[in-house]
Amino acid sequence: MATRFLISRVSSARNLFQLIPYNSSMVSQSLTKLCQSFSSSFSKLGPSYSRPMTSLSLDHRVPATIITGFLGSGKTTLLNHILTSQHGKRIAVIENEFGEVDIDGSLVASHSSANEEIVMVNNGCLCCTVRGDLVKLLLELVKNKRDKFDHIVIETTGLAKPGPVIETFCTDELVSQHVKLDGVVTLVDSKHAMQHLNEIKPRFVVNEAVEQIAYADRIILNKIDLVTEAELETLTKRIKHINGMAQMELAKFGSVDMDFVLGVGGYDLDRIDSEVQVDKSCSTTHQHETGKGTLDIDEVDDWLERLIEEKGEDLYRMKGVLSIKESDQRYVFQGVHSILDGCPGSTWEDDEERINKLVFIGRNLDETALRRGFKGCLL
Ligand SMILES: Nc1nc2c(ncn2[C@@H]2O[C@H](COP(=O)(O)OP(=O)(O)OP(=O)(O)O)[C@@H](O)[C@H]2O)c(=O)[nH]1
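Residues numbered from 1 in each chain as written. Predicted model: local features only at pLDDT ≥ 70, side-chain atom pairs only at ≥ 80, totals over all residues.

### A few points about the nonpolar core
Basically, it comes down to this: To define a nonpolar core, we join buried Ala, Val, Leu, Ile, Met, Phe, Trp, Tyr and Cys residues through C-beta atoms within 7 Å and take the resulting set. Buried residues are those with 20 or more other C-beta atoms within 10 Å of their own C-beta, exposed residues have 12 or fewer, and partly exposed residues lie in between; C-beta atoms are placed from the backbone. Secondary structure is summarised from DSSP: a helix means a run of H or I of at least four residues, a strand means a run of E of at least two, and numbering begins at the N terminus for each. Here the bounds of each domain stem from an automatic or database domain assignment. Here the contact rule is simple: place C-beta atoms from the backbone, and any two residues whose C-beta atoms are within 7 Å are in contact.
The biggest cluster of nonpolar side chains holds 83 residues, and the ones touching the most others in it are I152, I166 and I220. With six residues, strand β7 (residues 179–189) is the single largest residue contributor to this core. Built from parts of two domains, this core gets at least three residues from each of domain 1 (62–267) and domain 2 (269–278 + 288–378). Apart from residues no more than four positions distant in its own chain, I220 is found in contact with L78, V185, L187, V188, E249, A251, G254 and V256.

In C-alpha coordinates, the structure reads:
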(Lines give C-alpha, C1' and ligand atoms only; values in the text may rest on other atoms or scores of the structure.)
Protein backbone atom coordinates (compact mmCIF):
# COMPACT_ATOMS: atom_id res chain seq x y z
CA MET A 1 0.00 0.00 0.00
CA ALA A 2 1.33 3.41 -0.91
CA THR A 3 0.22 6.44 0.96
CA ARG A 4 0.74 9.93 -0.29
CA PHE A 5 -0.19 13.22 1.23
CA LEU A 6 -0.55 16.48 -0.60
CA ILE A 7 -1.51 19.69 1.13
CA SER A 8 -5.13 20.33 1.85
CA ARG A 9 -7.45 22.72 0.10
CA VAL A 10 -8.35 25.96 1.83
CA SER A 11 -11.97 26.05 2.85
CA SER A 12 -14.04 29.18 2.74
CA ALA A 13 -17.08 27.75 4.44
CA ARG A 14 -16.82 25.16 7.14
CA ASN A 15 -19.76 23.14 8.12
CA LEU A 16 -19.67 23.70 11.84
CA PHE A 17 -22.58 21.59 12.88
CA GLN A 18 -25.75 20.07 11.70
CA LEU A 19 -28.80 18.48 13.18
CA ILE A 20 -28.70 14.76 13.46
CA PRO A 21 -31.05 11.92 14.24
CA TYR A 22 -31.26 11.51 17.96
CA ASN A 23 -29.72 8.09 17.89
CA SER A 24 -27.35 8.58 15.03
CA SER A 25 -24.36 7.71 17.15
CA MET A 26 -25.69 4.20 16.82
CA VAL A 27 -25.01 4.12 13.12
CA SER A 28 -24.93 0.40 13.25
CA GLN A 29 -27.58 -1.27 15.27
CA SER A 30 -28.17 -4.93 15.21
CA LEU A 31 -31.70 -5.96 14.50
CA THR A 32 -32.14 -6.97 18.09
CA LYS A 33 -31.06 -3.55 19.30
CA LEU A 34 -33.24 -1.92 16.70
CA CYS A 35 -36.21 -3.96 17.76
CA GLN A 36 -35.62 -3.08 21.40
CA SER A 37 -35.43 0.64 20.72
CA PHE A 38 -38.18 0.24 18.15
CA SER A 39 -40.57 -1.12 20.75
CA SER A 40 -39.39 0.87 23.70
CA SER A 41 -39.09 4.23 21.97
CA PHE A 42 -42.81 4.46 21.49
CA SER A 43 -43.86 3.08 24.83
CA LYS A 44 -41.39 5.25 26.73
CA LEU A 45 -41.71 8.52 24.91
CA GLY A 46 -45.43 9.13 25.02
CA PRO A 47 -47.43 11.59 22.97
CA SER A 48 -45.59 14.75 24.01
CA TYR A 49 -42.34 13.57 22.43
CA SER A 50 -42.56 15.49 19.21
CA ARG A 51 -39.51 15.29 16.94
CA PRO A 52 -36.60 13.35 18.30
CA MET A 53 -34.98 13.00 14.88
CA THR A 54 -33.95 16.61 14.89
CA SER A 55 -32.66 16.90 18.39
CA LEU A 56 -30.03 19.53 19.03
CA SER A 57 -27.18 17.07 19.32
CA LEU A 58 -24.22 18.07 17.21
CA ASP A 59 -22.74 15.66 14.76
CA HIS A 60 -19.04 16.25 14.44
CA ARG A 61 -18.41 13.21 12.32
CA VAL A 62 -16.80 13.78 8.97
CA PRO A 63 -18.97 12.78 5.99
CA ALA A 64 -17.63 10.27 3.49
CA THR A 65 -18.69 9.69 -0.09
CA ILE A 66 -18.03 6.46 -1.94
CA ILE A 67 -17.56 6.78 -5.69
CA THR A 68 -18.13 3.56 -7.49
CA GLY A 69 -18.85 2.49 -11.06
CA PHE A 70 -17.66 0.07 -13.65
CA LEU A 71 -14.19 0.20 -15.20
CA GLY A 72 -13.78 3.32 -17.30
CA SER A 73 -17.16 4.79 -16.33
CA GLY A 74 -15.60 8.10 -15.31
CA LYS A 75 -14.88 7.81 -11.58
CA THR A 76 -11.51 9.56 -11.75
CA THR A 77 -12.96 12.17 -14.06
CA LEU A 78 -15.66 12.90 -11.47
CA LEU A 79 -13.08 12.95 -8.72
CA ASN A 80 -11.05 15.51 -10.61
CA HIS A 81 -14.20 17.54 -11.12
CA ILE A 82 -14.88 17.43 -7.38
CA LEU A 83 -11.32 18.40 -6.53
CA THR A 84 -11.30 21.36 -8.87
CA SER A 85 -14.81 22.65 -8.18
CA GLN A 86 -15.61 25.57 -5.92
CA HIS A 87 -17.59 23.99 -3.12
CA GLY A 88 -15.61 25.33 -0.21
CA LYS A 89 -14.94 21.87 1.20
CA ARG A 90 -11.49 20.50 1.83
CA ILE A 91 -11.45 16.97 0.52
CA ALA A 92 -9.36 14.00 1.59
CA VAL A 93 -9.28 11.29 -1.05
CA ILE A 94 -8.82 7.59 -0.53
CA GLU A 95 -8.27 5.79 -3.76
CA ASN A 96 -7.65 2.17 -4.45
CA GLU A 97 -6.29 0.56 -7.51
CA PHE A 98 -5.41 -2.87 -8.70
CA GLY A 99 -1.94 -3.42 -10.06
CA GLU A 100 1.34 -1.75 -9.55
CA VAL A 101 1.04 1.23 -11.83
CA ASP A 102 -0.61 4.11 -10.09
CA ILE A 103 -2.24 5.62 -13.17
CA ASP A 104 -5.23 7.22 -11.54
CA GLY A 105 -3.03 8.80 -8.91
CA SER A 106 -1.11 10.75 -11.48
CA LEU A 107 -4.35 11.68 -13.21
CA VAL A 108 -5.85 13.07 -10.06
CA ALA A 109 -2.63 14.74 -9.06
CA SER A 110 -2.20 16.42 -12.41
CA HIS A 111 -5.61 18.01 -12.05
CA SER A 112 -5.46 18.97 -8.44
CA SER A 113 -4.19 22.24 -7.16
CA ALA A 114 -1.41 22.24 -4.61
CA ASN A 115 -4.08 22.54 -1.99
CA GLU A 116 -5.58 19.12 -1.83
CA GLU A 117 -4.95 16.24 0.39
CA ILE A 118 -4.78 12.94 -1.36
CA VAL A 119 -4.39 9.61 0.31
CA MET A 120 -3.76 6.62 -1.85
CA VAL A 121 -4.58 3.02 -1.12
CA ASN A 122 -2.66 1.24 -3.76
CA ASN A 123 -2.94 -2.50 -3.68
CA GLY A 124 -5.80 -4.87 -3.96
CA CYS A 125 -9.44 -4.26 -3.64
CA LEU A 126 -11.16 -2.32 -0.90
CA CYS A 127 -14.07 -4.68 -1.01
CA CYS A 128 -12.18 -7.62 0.43
CA THR A 129 -8.52 -7.94 1.24
CA VAL A 130 -7.68 -4.42 2.28
CA ARG A 131 -10.87 -3.54 4.11
CA GLY A 132 -8.77 -3.47 7.26
CA ASP A 133 -6.53 -0.96 5.51
CA LEU A 134 -9.53 1.22 4.82
CA VAL A 135 -10.41 1.24 8.51
CA LYS A 136 -6.81 2.02 9.36
CA LEU A 137 -6.61 4.85 6.88
CA LEU A 138 -9.90 6.37 7.94
CA LEU A 139 -8.86 6.30 11.57
CA GLU A 140 -5.42 7.71 10.77
CA LEU A 141 -7.03 10.50 8.84
CA VAL A 142 -9.45 11.50 11.59
CA LYS A 143 -6.85 11.12 14.31
CA ASN A 144 -3.93 12.94 12.72
CA LYS A 145 -5.39 15.26 10.13
CA ARG A 146 -8.95 15.95 11.16
CA ASP A 147 -8.44 19.72 11.06
CA LYS A 148 -7.24 19.56 7.47
CA PHE A 149 -10.36 18.35 5.68
CA ASP A 150 -14.16 18.51 5.78
CA HIS A 151 -15.12 15.57 3.64
CA ILE A 152 -13.67 12.22 2.60
CA VAL A 153 -14.10 10.84 -0.90
CA ILE A 154 -13.32 7.19 -1.53
CA GLU A 155 -12.88 6.03 -5.10
CA THR A 156 -13.22 2.29 -5.44
CA THR A 157 -11.90 0.23 -8.31
CA GLY A 158 -14.25 -0.56 -11.14
CA LEU A 159 -14.61 -4.12 -9.95
CA ALA A 160 -15.23 -3.35 -6.31
CA LYS A 161 -18.40 -4.55 -4.70
CA PRO A 162 -19.66 -1.57 -2.75
CA GLY A 163 -21.48 -3.63 -0.09
CA PRO A 164 -18.49 -4.47 2.12
CA VAL A 165 -17.13 -0.93 1.86
CA ILE A 166 -20.48 0.44 3.01
CA GLU A 167 -20.63 -2.10 5.80
CA THR A 168 -17.24 -0.91 7.06
CA PHE A 169 -18.88 2.39 7.99
CA CYS A 170 -21.73 0.69 9.79
CA THR A 171 -19.98 -2.14 11.54
CA ASP A 172 -16.66 -0.73 12.65
CA GLU A 173 -17.39 0.99 15.92
CA LEU A 174 -14.45 3.38 15.85
CA VAL A 175 -15.00 4.36 12.24
CA SER A 176 -18.69 5.01 12.84
CA GLN A 177 -17.84 7.20 15.81
CA HIS A 178 -15.76 9.51 13.65
CA VAL A 179 -16.96 9.11 10.09
CA LYS A 180 -20.48 8.98 8.71
CA LEU A 181 -21.31 7.62 5.32
CA ASP A 182 -22.83 10.44 3.31
CA GLY A 183 -23.67 8.57 0.16
CA VAL A 184 -22.74 6.17 -2.60
CA VAL A 185 -22.33 7.80 -6.00
CA THR A 186 -22.33 5.41 -8.93
CA LEU A 187 -20.93 6.36 -12.31
CA VAL A 188 -22.47 4.66 -15.31
CA ASP A 189 -20.81 4.50 -18.70
CA SER A 190 -23.84 5.16 -20.89
CA LYS A 191 -22.15 3.57 -23.88
CA HIS A 192 -21.22 0.22 -22.33
CA ALA A 193 -23.39 -0.14 -19.24
CA MET A 194 -26.14 -2.18 -20.86
CA GLN A 195 -23.62 -4.77 -21.98
CA HIS A 196 -22.27 -5.11 -18.42
CA LEU A 197 -25.71 -5.19 -16.85
CA ASN A 198 -26.82 -7.94 -19.22
CA GLU A 199 -23.79 -10.08 -18.67
CA ILE A 200 -24.80 -13.50 -17.40
CA LYS A 201 -22.56 -14.52 -14.54
CA PRO A 202 -21.86 -18.02 -13.32
CA ARG A 203 -23.92 -19.15 -10.35
CA PHE A 204 -22.90 -17.45 -7.08
CA VAL A 205 -20.93 -14.80 -8.96
CA VAL A 206 -22.38 -11.33 -8.59
CA ASN A 207 -22.76 -8.89 -11.41
CA GLU A 208 -20.76 -5.92 -10.07
CA ALA A 209 -22.38 -3.49 -12.48
CA VAL A 210 -25.83 -4.36 -11.10
CA GLU A 211 -24.63 -4.18 -7.50
CA GLN A 212 -22.99 -0.81 -7.99
CA ILE A 213 -26.31 0.58 -9.21
CA ALA A 214 -28.31 -1.20 -6.52
CA TYR A 215 -26.33 0.38 -3.68
CA ALA A 216 -26.32 3.90 -5.12
CA ASP A 217 -27.81 6.97 -3.51
CA ARG A 218 -26.93 8.98 -6.60
CA ILE A 219 -26.43 7.70 -10.14
CA ILE A 220 -24.56 9.63 -12.79
CA LEU A 221 -25.28 8.53 -16.32
CA ASN A 222 -21.96 9.63 -17.73
CA LYS A 223 -20.62 9.76 -21.29
CA ILE A 224 -23.97 10.74 -22.71
CA ASP A 225 -22.13 12.30 -25.65
CA LEU A 226 -21.51 8.77 -26.90
CA VAL A 227 -25.13 7.55 -27.10
CA THR A 228 -28.39 8.39 -28.78
CA GLU A 229 -31.45 9.60 -26.89
CA ALA A 230 -33.18 6.30 -27.52
CA GLU A 231 -30.26 4.37 -26.03
CA LEU A 232 -30.26 6.68 -23.06
CA GLU A 233 -33.96 6.17 -22.50
CA THR A 234 -33.64 2.39 -22.55
CA LEU A 235 -30.70 2.52 -20.15
CA THR A 236 -32.50 4.90 -17.80
CA LYS A 237 -35.46 2.54 -17.63
CA ARG A 238 -33.22 -0.40 -16.93
CA ILE A 239 -31.40 1.42 -14.15
CA LYS A 240 -34.62 2.61 -12.53
CA HIS A 241 -35.79 -0.96 -12.59
CA ILE A 242 -32.73 -1.94 -10.54
CA ASN A 243 -32.82 1.06 -8.21
CA GLY A 244 -35.82 3.32 -8.28
CA MET A 245 -34.76 5.07 -5.11
CA ALA A 246 -31.56 6.80 -6.22
CA GLN A 247 -31.65 10.18 -7.90
CA MET A 248 -30.16 10.18 -11.37
CA GLU A 249 -28.40 12.80 -13.48
CA LEU A 250 -27.02 12.82 -16.99
CA ALA A 251 -23.47 14.03 -17.48
CA LYS A 252 -20.57 14.52 -19.82
CA PHE A 253 -17.16 14.08 -18.25
CA GLY A 254 -18.69 13.77 -14.78
CA SER A 255 -19.80 17.34 -14.83
CA VAL A 256 -22.56 17.49 -12.24
CA ASP A 257 -23.53 19.94 -9.56
CA MET A 258 -21.52 19.43 -6.38
CA ASP A 259 -24.73 19.32 -4.33
CA PHE A 260 -25.66 16.22 -6.25
CA VAL A 261 -22.65 14.29 -4.98
CA LEU A 262 -21.59 15.91 -1.70
CA GLY A 263 -23.88 16.30 1.30
CA VAL A 264 -26.31 13.68 0.06
CA GLY A 265 -27.32 12.38 3.51
CA GLY A 266 -28.15 8.99 2.04
CA TYR A 267 -27.97 7.32 5.43
CA ASP A 268 -29.59 10.08 7.47
CA LEU A 269 -32.89 8.93 8.87
CA ASP A 270 -34.29 12.43 8.84
CA ARG A 271 -33.94 12.56 5.05
CA ILE A 272 -35.46 9.18 4.43
CA ASP A 273 -38.98 10.24 5.24
CA SER A 274 -38.97 12.60 2.29
CA GLU A 275 -36.82 10.45 0.06
CA VAL A 276 -38.58 7.13 0.09
CA GLN A 277 -40.07 7.35 -3.34
CA VAL A 278 -42.33 4.52 -4.23
CA ASP A 279 -41.47 3.47 -7.70
CA LYS A 280 -44.28 1.67 -9.42
CA SER A 281 -42.04 -0.73 -11.27
CA CYS A 282 -41.04 -3.92 -9.53
CA SER A 283 -38.21 -6.19 -10.47
CA THR A 284 -36.06 -8.87 -9.01
CA THR A 285 -33.76 -6.25 -7.59
CA HIS A 286 -36.11 -3.47 -6.61
CA GLN A 287 -39.08 -4.35 -4.54
CA HIS A 288 -41.38 -2.05 -2.77
CA GLU A 289 -44.33 -2.31 -0.56
CA THR A 290 -46.80 0.34 0.30
CA GLY A 291 -50.10 0.29 2.07
CA LYS A 292 -52.47 2.20 4.21
CA GLY A 293 -53.25 1.27 7.72
CA THR A 294 -51.44 0.79 10.94
CA LEU A 295 -48.86 -1.79 11.77
CA ASP A 296 -48.42 -3.89 14.85
CA ILE A 297 -44.89 -3.23 16.09
CA ASP A 298 -44.34 -6.75 17.38
CA GLU A 299 -45.40 -8.24 14.08
CA VAL A 300 -43.03 -5.88 12.25
CA ASP A 301 -40.21 -6.90 14.57
CA ASP A 302 -40.82 -10.56 13.88
CA TRP A 303 -41.23 -10.08 10.18
CA LEU A 304 -38.07 -8.02 9.70
CA GLU A 305 -36.10 -10.39 11.90
CA ARG A 306 -37.20 -13.37 9.84
CA LEU A 307 -36.61 -11.53 6.58
CA ILE A 308 -33.09 -10.55 7.54
CA GLU A 309 -32.31 -14.02 8.78
CA GLU A 310 -33.45 -15.55 5.51
CA LYS A 311 -32.45 -12.88 3.02
CA GLY A 312 -29.88 -10.66 4.76
CA GLU A 313 -27.23 -11.36 2.15
CA ASP A 314 -29.58 -10.55 -0.70
CA LEU A 315 -31.00 -7.39 0.81
CA TYR A 316 -28.69 -4.63 -0.37
CA ARG A 317 -30.63 -1.61 0.81
CA MET A 318 -33.86 -1.05 2.70
CA LYS A 319 -35.65 2.14 3.56
CA GLY A 320 -39.01 2.61 5.08
CA VAL A 321 -41.50 4.89 6.74
CA LEU A 322 -44.06 3.11 8.89
CA SER A 323 -47.30 3.95 10.58
CA ILE A 324 -47.29 2.27 13.96
CA LYS A 325 -50.22 1.57 16.24
CA GLU A 326 -50.69 4.07 19.08
CA SER A 327 -47.94 6.35 17.84
CA ASP A 328 -48.36 9.86 16.50
CA GLN A 329 -45.02 9.64 14.78
CA ARG A 330 -43.80 7.90 11.71
CA TYR A 331 -41.18 5.27 12.32
CA VAL A 332 -38.28 5.67 9.90
CA PHE A 333 -35.68 3.03 9.23
CA GLN A 334 -32.93 2.20 6.81
CA GLY A 335 -30.64 -0.74 6.44
CA VAL A 336 -27.84 -2.45 4.59
CA HIS A 337 -28.00 -6.24 4.60
CA SER A 338 -28.65 -7.24 8.20
CA ILE A 339 -27.74 -3.88 9.73
CA LEU A 340 -30.73 -1.75 10.54
CA ASP A 341 -31.00 1.75 11.89
CA GLY A 342 -34.25 3.39 12.84
CA CYS A 343 -35.99 5.92 15.03
CA PRO A 344 -39.26 7.79 15.42
CA GLY A 345 -39.69 10.51 12.84
CA SER A 346 -42.01 13.41 12.22
CA THR A 347 -45.56 13.52 13.55
CA TRP A 348 -48.48 12.54 11.35
CA GLU A 349 -50.68 15.54 10.61
CA ASP A 350 -54.31 15.26 11.69
CA ASP A 351 -55.60 15.36 8.13
CA GLU A 352 -52.80 13.24 6.73
CA GLU A 353 -53.35 9.77 5.39
CA ARG A 354 -51.21 7.35 7.37
CA ILE A 355 -49.45 5.14 4.91
CA ASN A 356 -46.51 2.75 5.05
CA LYS A 357 -43.73 2.82 2.51
CA LEU A 358 -41.03 0.22 2.31
CA VAL A 359 -38.41 -0.10 -0.38
CA PHE A 360 -36.20 -3.14 -0.69
CA ILE A 361 -33.36 -3.32 -3.16
CA GLY A 362 -31.74 -6.68 -3.50
CA ARG A 363 -31.45 -9.80 -5.55
CA ASN A 364 -33.76 -12.80 -5.79
CA LEU A 365 -36.38 -11.04 -3.72
CA ASP A 366 -39.83 -12.55 -3.74
CA GLU A 367 -42.24 -9.69 -4.21
CA THR A 368 -45.31 -11.75 -3.38
CA ALA A 369 -43.76 -12.98 -0.14
CA LEU A 370 -42.72 -9.44 0.78
CA ARG A 371 -46.23 -8.13 0.23
CA ARG A 372 -47.68 -11.03 2.18
CA GLY A 373 -45.24 -10.47 5.05
CA PHE A 374 -46.05 -6.79 5.18
CA LYS A 375 -49.80 -7.38 5.10
CA GLY A 376 -49.41 -9.81 7.97
CA CYS A 377 -48.18 -6.94 10.13
CA LEU A 378 -51.22 -4.74 9.50
CA LEU A 379 -53.77 -4.53 12.28
N1 LIG B 1 -16.50 10.77 -24.38
C2 LIG B 1 -16.44 10.82 -23.06
N3 LIG B 1 -15.36 10.35 -22.42
C4 LIG B 1 -15.33 10.43 -21.08
C5 LIG B 1 -16.39 10.97 -20.33
N6 LIG B 1 -16.08 10.89 -19.03
C7 LIG B 1 -14.87 10.32 -18.93
N8 LIG B 1 -14.39 10.04 -20.20
C9 LIG B 1 -13.14 9.40 -20.55
O10 LIG B 1 -13.25 8.02 -20.26
C11 LIG B 1 -11.99 7.51 -19.86
C12 LIG B 1 -12.11 6.79 -18.51
O13 LIG B 1 -12.44 7.76 -17.53
P14 LIG B 1 -11.96 7.61 -16.02
O15 LIG B 1 -12.42 8.79 -15.28
O16 LIG B 1 -10.52 7.27 -15.95
O17 LIG B 1 -12.80 6.33 -15.62
P18 LIG B 1 -12.65 5.45 -14.31
O19 LIG B 1 -13.99 4.96 -13.96
O20 LIG B 1 -11.90 6.16 -13.25
O21 LIG B 1 -11.75 4.27 -14.89
P22 LIG B 1 -11.07 3.04 -14.08
O23 LIG B 1 -10.29 3.66 -12.96
O24 LIG B 1 -10.24 2.38 -15.12
O25 LIG B 1 -12.19 2.18 -13.63
C26 LIG B 1 -11.04 8.69 -19.82
O27 LIG B 1 -10.32 8.71 -21.01
C28 LIG B 1 -11.96 9.89 -19.73
O29 LIG B 1 -11.43 11.05 -20.27
C30 LIG B 1 -17.55 11.48 -21.06
O31 LIG B 1 -18.54 11.94 -20.49
N32 LIG B 1 -17.51 11.35 -22.40
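Having seen the structure, we can now continue with the description.
### A look at the site of the ligand
The following threshold applies: We call a residue near a molecule or strand when its C-beta atom, built from the backbone, sits within 6 Å of it. Residues are grouped as follows: Ala, Val, Leu, Ile, Met, Phe, Trp, Tyr, Cys and Pro are nonpolar; Asp, Glu, Lys and Arg are charged; all remaining types, including Gly, are polar.
By nearness alone, 18 residues border the ligand, and G74, K75, T76, T77 and G158 come closest of all. Here the residues of the shell around the ligand are counted per class, giving four nonpolar, nine polar and five charged.

### Looking at the domain arrangement of the protein
By the assigned domains, the protein splits into domain 1 (62–267) and domain 2 (269–278 + 288–378). Contact residues are listed per partner, giving 12 residues for domain 1 and 11 residues for domain 2. Here the element with the most residues in the side of domain 1 that touches domain 2 is helix α5 (residues 162–171); it accounts for five residues. When its residues are assigned to classes, the side of domain 1 that touches domain 2 shows six nonpolar, five polar and one charged.

### Thoughts on the confidence of the model for the protein
This is how it is decided: Think of pLDDT as the predictor's per-residue confidence, scored from 0 to 100.
Overall, the predicted model of the protein reaches an average pLDDT of 75, with 71% of residues at or above 70. The low-confidence segment residues 110–116, where pLDDT is below 50, has 16 contacts with residues more than four positions distant or belonging to other chains. Under a pLDDT of 50 for its full length, residues 277–284 has, in the predicted model, 20 contacts with residues more than four places off or in other chains. In the predicted assembly, ipTM is 0.99 and pTM is 0.77.

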